[in-house]
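Fold and geometry: a report
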Amino acid sequence: MNSEVKIIDFTVHGDIRGSLVALECTKEIPFTVRRVYYIFGTKADVSRGFHAHRKLKQLLIAVSGSVTILCEHGTEKKKFQLDSPDKGLLIEGLVWREMHDFSSDAVLLVLASEYYSEGDYIRDYGEFLRENGCGG
Ligand code: T46
């Protein structure tokens with residue numbers, strides 16, 4: 001499958017009481033959600049990820065705090081700063097991802113297109129480069 005990484009800006013419904021973001025499958029979320037997980041309590045000097053997925057589509061949202069996501073796919077390598085609940089990072093297909101610089105209040109919510117499957121992970125960077133068609 002093709003790989004893609006992009007920021008999706010959400011509509012914020014705000015009034016005097018505060019703000020609300022609503023996400024619906026096939027609208028803001030371009031896939032059917034089969035799994036939800038969230039990451040919190042990661043220390044600032046700890047990085048996570050360091051793997052790619054073969055098939056998975058995911059939408060990552062920093063619902064609190066901030067985190068830097070490094071994505072590599074094809075010939076592109078790019079850093080994204082997730083620091084607001086009004087945007088999400090869509091990651092589809094064969095993309096190497098690393099998560100760095102978690103703020104102490106970071107809560108990273110992830111909506112995923114598939115159930116958890118260790119078989120979908122590529123945890124070896126050399127294997128990722130081979131499957132990505134960039135040698136290794
Ligand atoms: C990803 C990034 C953004 C489960 O049992 N079920 C799950 O759905 C997940 C995601 C993880 N786990 C277990 C597997 C490990 O024993 O939770 C433990 C930590 O998982 P992992 O080391 O893979 O976590 P991260 O933060 O490195 O990566 C996670 C996701 O695994 C990955 O799909 O894209 O967040």
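Residues numbered from 1 in each chain as written. Predicted model: local features only at pLDDT ≥ 70, side-chain atom pairs only at ≥ 80, totals over all residues. Heavy atoms only, no water.

Spatial ordering of the open sheet is given by S8-S7-S10-S5-S12, a layout of five strands whose pairing is antiparallel. Pairing within the sheet leaves two strands with one partner each, and these edge strands are strand S8 (76–82) and strand S12 (121–122). The pairing of strand S5 (residues 48–53) with strand S10 (residues 96–100) spans three bridges and is classified as antiparallel. Bridged to His 51 within S10 is Arg 97. (Pairing = 2+ DSSP bridges. Helix = DSSP H or I, 4+ residues; strand = E, 2+ residues; numbered from the N terminus.)

One non-glycine residue with positive phi stands out, namely Thr 26, at about 70°. By the secondary structure assignment, Thr 26 is in the loop between strand S3 (18–21) and strand S4 (35–40). A relative accessible area of 67% places Thr 26 in the exposed class. For Phe 50, which is not glycine, the phi torsion reads 60° and is therefore positive. Relative to the helices and strands, Phe 50 resides in strand S5. (Buried < 20%, exposed > 50% of the residue type's maximum accessible area, 1.4 Å probe, protein only.)

Moving on, we come to the environment of Phe 40. With respect to the helices, strands and loops of the structure, Phe 40 is situated in strand S4. Judged by relative accessible area, which is 54%, Phe 40 ranks as exposed. Between the alpha carbons of Phe 40 and Tyr 125 there is a distance of 25 Å; along the sequence they are 85 residues apart. Ignoring anything within four residues of it in the chain, the contact list for Phe 40 reads Ala 106 and Val 107. (Contact = heavy atoms within 4.5 Å.)

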